[in-house]
Amino acid sequence: MLMRHIQEIDMNELIVANVNKYAKMLAEKKYLQSGYIAVREEDGIVITNPRIDYTDVKEENLTFVNDKNIETLEGNFRAAAVILFCAIRQDKEANAAAIVDSDSTVEFSKKRKTLMPILDDMAQVCGVSIKCAQKNVASDVVAALSGQRNCCLLPEAGAVVTGRTLDEVFTATLVLDKACNAEILAESKGGTQHMSAVAALLEHVVFKLKYSKTNQKQQKAAESGETEVKEEKQTAVVTDEEKKIAQDIKDAGVRLLDENLVQGTWGNIGVKLDDQFMLATPSGIDYVMLKPEQMAKVNMETLEWTGTNKATSEKGIHAILLKGDKDITATIHTHPFYGCILAAMGKAMPVPEKYQDVLGKEIPCAKAALPGTNGLVKNVAAAIGDAPACFMGHHGVMVRGKNLEDAFAICRALEDACRDYLTDAE
């Protein structure tokens, strides 16, 4: 029996709409099969009820829980509510949490061991490592989440994921699932390489303090109903040609998201305007919320930029690849599911024969370096050679093409090739 219905809480329509949106997104990807979603509200949380249709969450499917009524809940629902209530309360920045149970997350959780940092995006959004709770109880979950961590594994039951917004919970879940799959699928191919603890901590702290700041402001405003105050800046997208290219970049970015080639605010795109300038995606804004007029105009020699938003931190890689070949006009940096597993393995991939017409015989792997640094620019430039793409150690994939459509086709072919390589598909 529900102790307090959602209709008693302010902004109930917005709460229901947000939970419904992200529950559906998680369920459609099979990351949420019998778990729960919760959001911070007043002195407690609003949590999804057991055994509901995640694709159509209504207000009667939600329960408000706080210290006063949590003991009245029963069985697994009470256990889940206590875990999520404590997970959100232990982090003052956390406004949302979920118990997720994708097949790969559950499978890896059976190992009852720490998932070490193998990818930059895992370190950034999930934390310096992902510990496994000793038992599926709140005290052990809180202990496993402590120390710069947003996720912890639940023995044989999946994971708890926390975030500043539901959008961050969703993104962290995608990254967590990818990391679990990486460990499972790479095992027969030599396994993954772990990042250093120092690098993982640095990336997580920088992400929290800086990289995701713009996107999180927008997401928090959208999920809370607040109006975001924006500083007016002049767009760099002025001519008709620039406006068309900016819209093409926006559309390509949304397509990358739809096809799971990037997650959240990760990934970026550059398109050459002429021998001197390129348009590039701005830093820290996901493609759904991104507006064409927010693209940055970047000088490919000096890397100076103009526009309403700061250019991507990977602008140096886009610039060096675009200005290095007159036939190349578009570059895409992605964080695809299977491609990132190869990046976590840190080695070149022999291309399956059916993809060699598009990709060549081998996709090289650049040595790892911190994102946004000159070291990463130099490593990618040195590794890519004549190949249409390369893996970036612990990071993702870099692709170049004659135009955006060509670059996107290479992204798609490379992801399919990585899948076949890892699964030994014919």
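Residues numbered from 1 in each chain as written. Predicted model: local features only at pLDDT ≥ 70, side-chain atom pairs only at ≥ 80, totals over all residues. Heavy atoms only, no water.

Strand pairing in a sheet takes place through backbone hydrogen bonds and is either antiparallel or parallel in direction. Across the sheet, which stays open at both edges, the six strands sit in the order 3-2-1-4-6-5 with antiparallel pairing between neighbours. The outermost strands of the open sheet, each flanked by one partner alone, are strand 3 (62-65) and strand 5 (151-154). On average, each strand axis in the sheet is tilted by 20 degrees relative to the strand beside it, whichever way the strands run. As defined by bridge partners, strand 4 (residues 96-100) adjoins strand 6 (residues 158-163) across five bridges and the pair is classed as antiparallel. In the strand pairing of strand 6, Ala-96 is matched with Gly-163. (Pairing = 2+ DSSP bridges. Helix = DSSP H or I, 4+ residues; strand = E, 2+ residues; numbered from the N terminus. Axes fitted to C-alpha atoms, helices over the stretch in contact; angles between N-to-C directions.)

Bridging between strand 7 (residues 268-272) and strand 8 (residues 277-280) involves three bridges; their strand directions are antiparallel. Bridge pairing in strand 8 links Val-271 to Leu-279. In sequence, strand 7 turns back onto strand 8 through a hairpin of four residues. Pairing geometry for strand 8 and strand 9 (residues 296-299), over four bridges, is antiparallel. If you follow Leu-279 over to strand 9, its bridge partner there is Lys-297.

This part covers the packing of helix 2 (residues 75-89) against helix 5 (residues 138-145). Between helix 2 and helix 5, whose axes approach to 9 Å, the crossing angle comes to 35 degrees. The two elements helix 2 and helix 5 meet at a crossing, and its hand is right-handed. Where helix 2 abuts helix 5, its residues Val-82, Ile-83, Cys-86 and Ala-87 lie against Ala-138, Val-141, Val-142 and Leu-145. Taken together, the residues of the contact of helix 2 with helix 5 sort by class into eight nonpolar, no polar and no charged. (Left-handed = near helix turned anticlockwise from the far one by under 90°. Contact = heavy atoms within 4.5 Å. Nonpolar A, V, L, I, M, F, W, Y, C, P; charged D, E, K, R; others polar.)

Moving on to unusual backbone geometry. Of note, Glu-42 is a non-glycine position whose phi angle comes to about 50 degrees, a positive value. Mapped onto the fold, Glu-42 is located in the loop between strand 1 (36-41) and strand 2 (44-48). Phi at Asn-260 is positive, roughly 60 degrees, even though this residue is not glycine.

Moving on: the pairing of strand 1. Among the six residues in strand 1, five count as buried, and that is most of the element. Pairing of strand 1 with strand 4 involves four bridges; the strand directions are antiparallel. The partner of Tyr-36 across the bridge, within strand 4, is Ile-99. Alignment of strand 1 against strand 2, held across four bridges, turns out to be antiparallel. Of the residues in strand 2, the one forming a bridge with Val-39 is Val-46. Between strand 1 and strand 2, which pair antiparallel and follow one another directly, the connecting turn spans two residues, one of which, Glu-42, has a positive phi of 50 degrees. (Buried < 20%, exposed > 50% of the residue type's maximum accessible area, 1.4 Å probe, protein only.)

In this structure, Met-349, Phe-391 and Leu-414 are the most contacted members of the largest nonpolar core, which totals 92 residues. Those residues in contact with Met-349 that sit more than four places away from it in its chain are Leu-342, Lys-361, Glu-362, Ile-363, Phe-391, Leu-414, Ala-417, Cys-418 and Tyr-421. Core analysis: the second largest hydrophobic core is formed by 27 residues, Ile-83, Val-141, Cys-152 and Val-160 among them. (Core = buried A, V, L, I, M, F, W, Y, C linked by side-chain atoms within 4.5 Å.)

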